[in-house]
Amino acid sequence: MTTSAPPPVADVPQDPAAAAPGLTGRLDALDRITAAGAGRLAPSLLDDAAVLLDRAGQRLRLSAEHTVVTLAGGTGSGKSSLFNAVCGLELSPTGMRRPMTSRAHACVWGLDGAGPLLDWLDVDKRHRYARASALDLQRADDSLQGLVLIDLPDHDSIQAMHRAEVDRFVSIADLLIWVVDPQKYADAALHRNYIVPFARHAGVTLIVLNQVDRLDPDEVDECVADLRRLLEAEGLAKPRIVTTSAVSEEGVRGLREVLVDTVAARHARSERLAVDVTDIGERFASYKGSAEPPTAVDAPHRDGLMRALTDAAGAPAVAEAMESAYELRAADFISWPVLSLAARLRSDPLRRMRLGELRDELRGAFTGPTGAQQGEVDTALMDVTDGITTDLPDAWVRSVRAAARRHAAELPEELGEAMKEALPGFNQVPRWWWLVKTWQYFLVLVSLLGLAWIGLLVAYGVAHVAKAPSGWLGETGLIPYVAVLVVCTLGMGWLTTATCRNLVALSSAKHGERMERHMRDRIATVAEQKVLEPITEELALYAAFRDDVDLVQGT
């Protein structure tokens, strides 16, 4: 057996753009849906996608001029003899003792750029062979330039490390060649562990029926027909089957022709990756609903959320309280002082305390996380997603609901702060209140002066306690007129109070409505930022996910 030591292989940087058209875009889409699926989709699927992205990125950065072809098979299938026959040299050990191949052996046609590729394949340097080495220059085969042919251990070996080596190369090879023999081509281990799982890879899979020299021509046809039927039944569409015999040079002609065509096309690398991307894209498709997703929360559910949060924050009750506070505050300015004094003499002193502390009580009700009831908030967040998650897959239903509840814990405090900001300053007093107050005190002053005048007229004009200093103070005939003036002044004060009370009633209602509108506006802002925007972002992410899944699948 003659072998040649592997000459040093130059590390030549490669152009990662040498992939099939559309493959780069599909890989980018796969990267996006993997990122979008974090925390939403099955971790095992995301892990497999990450592994594929890493493998594809590394493979595309390596030599595009080389095609990695693996020869895999079971014990006694003759794949190592077939490997040597294709190479034209005795490179891989063969013999009656099985298994003979314990580590992958690689034969390379064309050295430039193959070094990093073989390093990535983790082929031991002792098992790398250059077909155009100094020992074989005369027999170098230019038609296979760029081929990296790898002989693998037996897939049915009792050694776990051998099976692991096969599994690793099967997942990264550009072209998979399964070598079977006439006696064991229906081997259950091969079909169960490799043919069925990789049935979608028919385009980058070749089945080689080896050792046909042991069969008559009619038997060869029967074996090929039966093998094809078995492969098609297992999902391998239009399987490519080649018959070989390693005992003669002509016996591997068909296999060499396939290898020559594959190497010349330079498509196996990108085709293999494209199949892998399509395969994993179909796994992501189960998380993609058929119905067109909504882009945002619809108007009825949006309005329902606003109403629920407004009720949870107690905005209507606060508006009513503010209306009452407005009326109480107005009473200090528009009430007829004479009546107020009389009422004060018999009123409950706690009323004045209520008026003085009402505003502080209202403000204190919205300074902490108890500004809204957490239970009512949770119910509102659950209801808002009911109408938009009907046609979504379960994973995205949970995702949208989680987005709605992303700020659930902080919402009560946020609503309380919004209510607090909506309340006006307590010292804001309408100007007309001051005008009425001034007018009322002017009338009180006029009434007091009138009463004093009547007292002087009685003292000087009726009782004659002393000589009147002026005729205006001693003329008793003025008493009726002054009394009428006092009565009219008191009546004007009462009428002013009655009229202003009606105005205050109207104003307080408008004031309450205005306060409630302001609070609703603030609550709507909080709801938009903390609930609706996260839901909209999640729906947009799902819509992009659906488009990217279609792109990954190549549809």
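Being a predicted model, the structure only gives us computed values, none of them experimental.

Let's talk about unusual backbone geometry
Move 1: Backbone geometry places Gln-211, a non-glycine residue, at a positive phi of 65°.
Move 2: Relative to the elements of secondary structure, Gln-211 occurs in the loop between β6 (205–209) and α7 (217–233).
Move 3: Taking the relative accessible area as the measure of exposure, Gln-211 reaches 11% and is therefore buried.

Overview of a negative patch on the surface
Move 1: Where like charges cluster on the molecular surface, the negative patch consists of Asp-216, Asp-218, Glu-219, Asp-221 and Glu-222.
Move 2: With respect to the helices, strands and loops of the structure, Asp-218 is situated in helix α7.

Some words on the environment of Val-196
Move 1: Residue placement: Val-196 occurs in the loop between α6 (188–195) and β6.
Move 2: Val-196 sits in the partly exposed class, given a relative accessible area of 43%.
Move 3: Not counting the four nearest positions on each side in its chain, Val-196 is found in contact with His-191 and Glu-234.

Notes on the nonpolar core
Most often, soluble globular proteins keep nonpolar side chains buried together rather than apart.
Move 1: Grouped together as the largest cluster of nonpolar side chains are 61 residues, with contacts concentrated most on Leu-30, Phe-284, Leu-305, Met-519, Ile-535 and Phe-545.
Move 2: The residues contacting Leu-305, other than those within four sequence positions of it, are Ala-380, Leu-381, Val-384, Ala-527, Val-531 and Leu-532.

As for helix α2 (residues 43–61)
Move 1: End to end, α2 covers 27 Å across 19 residues, agreeing with the expected 27 Å (1.5 Å per residue, within 8%).
Move 2: Within the sequence span of α2, burial applies to Leu-45, Leu-46, Ala-49, Leu-52, Leu-53, Arg-55, Ala-56, Gly-57, Arg-59 and Leu-60.
Move 3: For α2, the secondary structure elements touched by its buried residues are α1 (23–37), β1 (67–73), α4 (114–121) and α9 (268–285).

With respect to the packing of α1 against helix α19 (residues 478–553)
Move 1: Taken N-terminus to C-terminus, the directions of α1 and α19 make an angle of 145°; their axes are 8 Å apart at the nearest point. Handedness of the α1/α19 crossing: left-handed. Along its contact with α1, which presents Gly-25, Arg-26, Ala-29, Leu-30, Arg-32, Ile-33 and Ala-36, the element α19 presents Leu-541, Phe-545, Asp-548, Val-549, Leu-551, Val-552 and Gln-553.
Move 2: When its residues are assigned to classes, the contact of α1 with α19 shows 9 nonpolar, 2 polar and 3 charged.

Focus on the packing of aromatic side chains
Move 1: Scanning the model with the defined rule gives 5 aromatic pairs in all.
Move 2: The interplanar angle of 65° and the centroid separation of 6.4 Å between the aromatic rings of Phe-284 and Phe-545 together place this pair among those described as edge-to-face. With Phe-284 in helix α9 and Phe-545 in helix α19, the pair connects residues that are 261 residues apart, well separated along the chain. Per residue, the accessibility class of Phe-284 equals that of Phe-545, and both read buried.
Move 3: In textbook terms, an aromatic cluster arises when at least three aromatic residues are bridged by ring pairs, as seen for Phe-284, Trp-396, Tyr-542 and Phe-545.

Details of the pairing of β1
Move 1: Within β1, 7 of the 7 residues are buried, which leaves the element mostly enclosed by the surrounding structure.
Move 2: Side-chain alternation along β1 places Thr-67, Val-69, Leu-71 and Gly-73 on one buried face and Val-68, Thr-70 and Ala-72 on a second face that is also buried.
Move 3: Where β1 meets strand β4 (residues 147–151), 5 bridges bridge the pair, whose relative direction is parallel. In the strand pairing of β4, Thr-67 is matched with Leu-147.
Move 4: Summarising the sheet, β1 and strand β5 (residues 175–180) pair through 5 bridges and their orientation is parallel. Opposite Ala-72, over in β5, you have Trp-178 as the bridge partner.

As for the sheet that holds β1
Move 1: Pairing within the open sheet is mixed, and its 7 strands lie in the order β3-β2-β4-β1-β5-β6-β7. Of all the strands in the sheet, just β3 (128–130) and β7 (241–243) have a single pairing partner and so form its edges. Between one strand axis and the next, the sheet turns through 20° on average, direction left out of account.
Move 2: When β6 meets β7, the two strands line up parallel, connected through 3 bridges. In the strand pairing of β7, Val-208 is matched with Val-242.

Quick look at the packing of helix α14 (residues 374–384) against helix α16 (residues 411–422)
Move 1: Where α14 contacts α16, the axes come no closer than 9 Å and their chain directions differ by 105°. Considering the angle they form, α14 stands roughly perpendicular to α16. On the side of α14, the interface is formed by Gln-374, Val-377 and Leu-381, while α16 contributes Leu-411, Pro-412 and Leu-415.

Considerations on α1
Move 1: Across its 15 residues, α1 extends 21 Å between first and last C-alpha, which sits within 8% of the 21 Å expected from 1.5 Å per residue.
Move 2: Along α1, the positions that sit buried rather than exposed are Leu-23, Arg-26, Leu-27, Ala-29, Leu-30, Ile-33, Thr-34, Ala-36 and Gly-37.
Move 3: In this fold, the buried residues of α1 make contact with α2, α9, α15 (394–404) and α19.

Digging into the confidence of the model for the chain
Move 1: For the chain, per-residue confidence averages 81 on the pLDDT scale, and residues scoring 70 or more make up 83% of the total.
Move 2: Note that residues 1–21 has pLDDT below 50 and, in this model, 46 contacts with residues that lie over four places away or in other chains.
Move 3: Ignoring residues within four places in sequence, the model shows residues 133–140, a span with pLDDT below 50, making 10 contacts including any to other chains.

With respect to the pattern of salt bridges
Move 1: Scanning the model with the defined rule gives 25 salt bridges in all.
Move 2: When the shortest N-O distance is used, the salt bridge between Asp-48 and Arg-283 registers 3.0 Å. Of this pair, Asp-48 sits in helix α2 while Arg-283 sits in helix α9, placing them 235 residues apart in sequence.
Move 3: For Asp-48, a relative accessible area of 34% gives the class partly exposed.
Move 4: Taking the relative accessible area as the measure of exposure, Arg-283 reaches 36% and is therefore partly exposed.
Move 5: Here Arg-253 makes a salt bridge to Glu-250, at a shortest N to O gap of 2.4 Å.
Move 6: On the accessibility criterion, Arg-253 (42% relative accessible area) is partly exposed.

Some points on a nonpolar patch on the surface
Move 1: A cluster of nonpolar side chains, namely Trp-439, Phe-442 and Met-492, defines an oily patch on the protein surface of about 280 Å² accessible area.
Move 2: By secondary structure assignment, the location of Trp-439 is in helix α17 (residues 431–462).

The rules behind the values
Residues numbered from 1 in each chain as written. Predicted model: local features only at pLDDT ≥ 70, side-chain atom pairs only at ≥ 80, totals over all residues. Heavy atoms only, no water. Helix = DSSP H or I, 4+ residues; strand = E, 2+ residues; numbered from the N terminus. Buried < 20%, exposed > 50% of the residue type's maximum accessible area, 1.4 Å probe, protein only. Patch = residues over 30% accessible without salt bridge, like charges linked within 9 Å, V, L, I, M, F, W, Y side chains within 5 Å. Areas by Shrake-Rupley, 256 points an atom, 1.4 Å probe, with all protein chains shown as cover. Salt bridge = Lys/Arg side-chain N within 4 Å of Asp/Glu carboxyl O. Lys, Arg positive; Asp, Glu negative; His and termini not counted. Charge placed at Lys NZ, Arg CZ, Asp CG, Glu CD. Contact = heavy atoms within 4.5 Å. Core = buried A, V, L, I, M, F, W, Y, C linked by side-chain atoms within 4.5 Å. Expected span 1.5 Å × (residues − 1). Axes fitted to C-alpha atoms, helices over the stretch in contact; angles between N-to-C directions. Left-handed = near helix turned anticlockwise from the far one by under 90°. Nonpolar A, V, L, I, M, F, W, Y, C, P; charged D, E, K, R; others polar. Phe/Tyr/Trp six-rings, centres within 6.5 Å; stacked < 30°, edge-to-face > 60°. Pairing = 2+ DSSP bridges. Parallel < 35°, antiparallel > 145°, perpendicular 65-115°, else oblique. pLDDT = per-residue confidence, 0-100.

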